[in-house]
Number of protein chains: 2
Amino acid sequence: MSQQRSGGEAGLSTRNGAGPDFPDLPDATVARLPEYLRSLHQMLEAGQDTTSSEGLAAAAGVNSAKLRKDLSHLGSYGTRGVGYDITRLVEQIEHVLGLTIHRGVALVGLGNLGHALAGYAGFASRGFEIVALFDADPARVGEMVHGLAVRHIDQLAVTVTQERIAIGVIATPARAAQSVADQLVAAGVTSILNFAPCVLSVPEGVDVRKVDLAVELQILSFHEHRKANGNGQANGVARGSAARPGEVAA
Amino acid sequence: MSQQRSGGEAGLSTRNGAGPDFPDLPDATVARLPEYLRSLHQMLEAGQDTTSSEGLAAAAGVNSAKLRKDLSHLGSYGTRGVGYDITRLVEQIEHVLGLTIHRGVALVGLGNLGHALAGYAGFASRGFEIVALFDADPARVGEMVHGLAVRHIDQLAVTVTQERIAIGVIATPARAAQSVADQLVAAGVTSILNFAPCVLSVPEGVDVRKVDLAVELQILSFHEHRKANGNGQANGVARGSAARPGEVAA
DNA sequence: CTCTGTGAACTTGTTCACAGCG
DNA sequence: CGCTGTGAACAAGTTCACAGAG
């Protein structure tokens, strides 16, 4: 697993017992499906209605064998000699990712980053709706942010339970994050996206994904360092990256 | 591999030819070093000066064998029967990651996210300084954001070259990202952190890391979907995540 | 004859388990 | 004797290369 890649615990992903609708996907595959989906939507907008593994792979920045293997895990939705029907593939991926269900998200912490996340168009366009905002600072409570009023963190339990929110986003300072996570979990949240630079511990059955902006820069720094010192043929693009192979433009 | 996982091309990382100072680290190890570093700093602040692999592993959310293997790639900086000297380990990791050198960063795109990034304290505290802001919108040019004036994107080449900026952050809409990347590369930038939801193509020798906020939610959605349908023992925490193993609280 | 789907080879990453240093 | 450092076993992920469907 990418950013980041890569890191994190074993990533058991998902064990078997799967019906036809819930194939048992490798973690690495799950992490790439959203990227395929994005490329497919782009193609639809461009008026395309069919694509080859080669074409979609190029658009998503992976190689075609990998793409075919990923898609084959969903079942066979391609036609040999022709390619994939884009609409059908989109439906299939959205179904597997559970994007056909509308998902409400609670956002905790309305500092700089929280404000940006609250207004991030990319969430809404992908079927996620931020339905509640929380902050511990009384000065921020009541403030309207992108059409939603900020509530005090004390309201978290009630709201999350009432609105059956299953996904929480933590954008608080690190020192507050564990406590917020505990409250989210207690209220019934089972998936957390954590932007605070700290490790959260949560009960089994709760998924946490972490995005640490500074970590990404530090990884780039490592590669810079190596390039600068001319050692090895440093050039690697890892976890979640997107360089196409062998292009030399500039 | 995995958050990134992590997606992306082969991830050659770094080939050999390494001197003692530039060990050839596996990508997965590089991705974890920043997390170790953060935990170590936290321990220093708490007044600790020594830690065991077990202790640091717990703090960083990995298992201790992995941690020891990761650190062993840097050379032997532990004492058997005792543990690691925190200060020494911090120095070593910072050196390997190239954090001893001050790195200026250019940020392009000052929408919601760009504003948040410009003010993100986590960058500065990790040795990265945002030294220039760019936007294409004339209405935003000249605006002061966290002490820096926004310049027009036309100034990018000059500024990046003059200030010898090696790292660029793209926080523009997707449609502008490729053009911005091209300009960054042309001006000499060799590492790019891309927040735009699109694949960038860059020449060999340039590293790109991608952070896509919506992708993270979609991955969580997949696990939600499986949990809701009770299929398999869904619970996996992948790329860049941070749940401790086997804790059952709440 | 083209392009998918997939076994098999290979590479990378993780975990185990223990030798041996301090 | 505790804890690091590491070979060896294992697991996951990637790539190759080709059979065979359309």
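Residues numbered from 1 in each chain as written. Chains lettered and ligands numbered in written order. Predicted model: local features only at pLDDT ≥ 70, side-chain atom pairs only at ≥ 80, totals over all residues. Heavy atoms only, no water.

Which entries qualify depends on this criterion: UniProt positions are given in the numbering used here, feature names are shortened, and annotations may be inferred rather than shown by experiment.
The name given to chain A in an unreviewed UniProt entry is Redox-sensing transcriptional repressor Rex, and the organism recorded there is Hamadaea flava. For chain A, the Subcellular location (unreviewed entry) comment in UniProt is given as "Cytoplasm". The Function (unreviewed entry) field of the UniProt record for chain A holds the comment "Modulates transcription in response to changes in cellular NADH/NAD(+) redox state."

1. As for the sheet that holds strand E5 (residues 128–135) of chain A
All names here are of chain A. Where we set the bar: Pairing between two strands requires that DSSP report at least two bridges joining them. Here a helix means four or more residues in a row that DSSP labels H or I, a strand means two or more in a row labelled E, and each is numbered from the N terminus. The contact criterion used is simple: two residues touch if any of their non-hydrogen atoms lie within 4.5 Å. In this description, a line fitted to the C-alpha atoms serves as the axis of each element, helices being fitted only across the stretch in contact, and the angle between N-to-C directions of two axes falls anywhere from 0 to 180 degrees.
As summarised here, the arrangement of the seven strands in space is E6-E7-E5-E4-E8-E9-E10, forming an open sheet in which the pairing is mixed. With one partner strand each, in any of the chains shown, strand E6 (144–145) and strand E10 (207–210) form the two edges of the open sheet. Inspection of the sheet shows strand E4 (residues 103–108) paired to strand E8 (residues 167–170) by four bridges, in the parallel sense. Of the residues in E8, the one forming a bridge with Val105 is Ile167. On top of the sheet, helix H8 (residues 174–187) reaches E4, E8 and strand E9 (191–194); it is set at about 170° to E8, its chief contact.

2. Section: the protein's contact with DNA strand D
Applicable threshold: Being near a molecule or strand, for a residue, comes down to having at least one heavy atom within 4 Å of it. By the criterion applied in these results, polar contacts are pairs of N or O atoms within 3.5 Å in which, for protein atoms, one can donate a hydrogen and the other can accept it, and in which residues neighboring in sequence qualify only through two side-chain atoms.
DNA strand D sits among 26 residues. The nearest are A:Asn63, B:Ser53, B:Arg68, B:Arg80 and B:Tyr84. Sugar and phosphate atoms form 60% of the subset of DNA strand D atoms that lie within 4 Å of the protein. In the environment of DNA strand D, a phosphate oxygen lies 2.6 Å from a nitrogen or oxygen atom belonging to the backbone of B:Ser53. B:Arg68 is positioned such that a nitrogen or oxygen atom in its side chain is 2.8 Å from a base nitrogen of DNA strand D. Counting residues per element, the ones that place at least two in the surface near DNA strand D are helix H1 (27–45) and helix H3 (64–72) of chain A together with helix H3 (64–72), strand E2 (78–79) and strand E3 (83–85) of chain B. Broken down by element, the residue count for the surface near DNA strand D peaks at four residues, all from H3(A).

3. Structural notes on the protein's contact with DNA strand C
Inspection of the region around DNA strand C gives 27 residues, with A:Ser53, A:Arg68, A:Tyr84, B:Arg32 and B:Asn63 positioned closest. Near the protein, within 4 Å, the atoms of DNA strand C are sugar or phosphate in 62% of cases. Here a sugar or linking oxygen of DNA strand C and a backbone polar atom of A:Gly81 are 3.2 Å apart. A distance of 3.1 Å separates a base oxygen of DNA strand C from a polar atom in the side chain of B:Lys69.

4. Considerations on unusual backbone geometry
Of all residues except glycine, most have a negative phi; of all peptide bonds, most are trans. Condition: A 1.4 Å probe rolled over the protein chains alone gives each residue an accessible area, and that area as a share of the maximum for its type sets the label: buried under 20%, exposed over 50%, partly exposed in between.
Despite not being glycine, A:Arg164 shows a phi value in the positive range, around 50°. Relative to the assigned elements, A:Arg164 resides in the loop between helix H7 (156–162) and E8. Here the phi dihedral of B:His146 falls at roughly 45°; this positive angle occurs in a residue that is not glycine. Examined against the element boundaries, B:His146 turns out to sit in the loop between strand E6 (144–145) and strand E7 (148–152). When its relative accessible area of 51% is taken as the criterion, B:His146 is described as exposed.

5. Some details on the nonpolar core
Under the convention used in this document: Note on terminology: a nonpolar core comprises buried Ala, Val, Leu, Ile, Met, Phe, Trp, Tyr and Cys residues joined through side-chain atoms within 4.5 Å.
Judged by nonpolar contacts, the single largest core of 100 residues is most densely connected at A:Ile93 and B:Ile93. If sequence neighbours within four positions are ignored, B:Ile93 has contacts with B:Leu33, B:Tyr36, B:Leu37, B:Leu40, B:Leu71 and B:Leu74.

6. Examining the sheet that holds strand E1 (residues 50–51) of chain A
Residues and elements named next belong to chain A. Taken in spatial order, the three strands of this open sheet run E1-E3-E2, and their pairing is antiparallel. The open sheet terminates on both sides in strands that have one partner only, identified here as E1 and strand E2 (78–79). As paired elements, E1 and strand E3 (residues 83–85) share two bridges and run antiparallel to each other. By the bridge assignment, Thr50 is partnered in E3 with Asp85.

7. With respect to the UniProt feature "binding site: NAD(+)" (unreviewed entry) in chain A
Residues and elements named next belong to chain A. The positions UniProt marks with the feature "binding site: NAD(+)" (unreviewed entry) are Gly109, Leu110, Gly111, Asn112, Leu113 and Gly114. You can see Leu110 is positioned in the loop between E4 and helix H5 (112–118). Its relative accessible area of 0% is what places Leu110 among the buried residues. Looking at the secondary structure, you find Gly111 in the loop between E4 and H5. Relative accessible area serves as the criterion here: at 21%, Gly111 is assigned to the partly exposed category. In contact with Gly111, not counting residues within four places along its chain, are Asp135 and Arg140.

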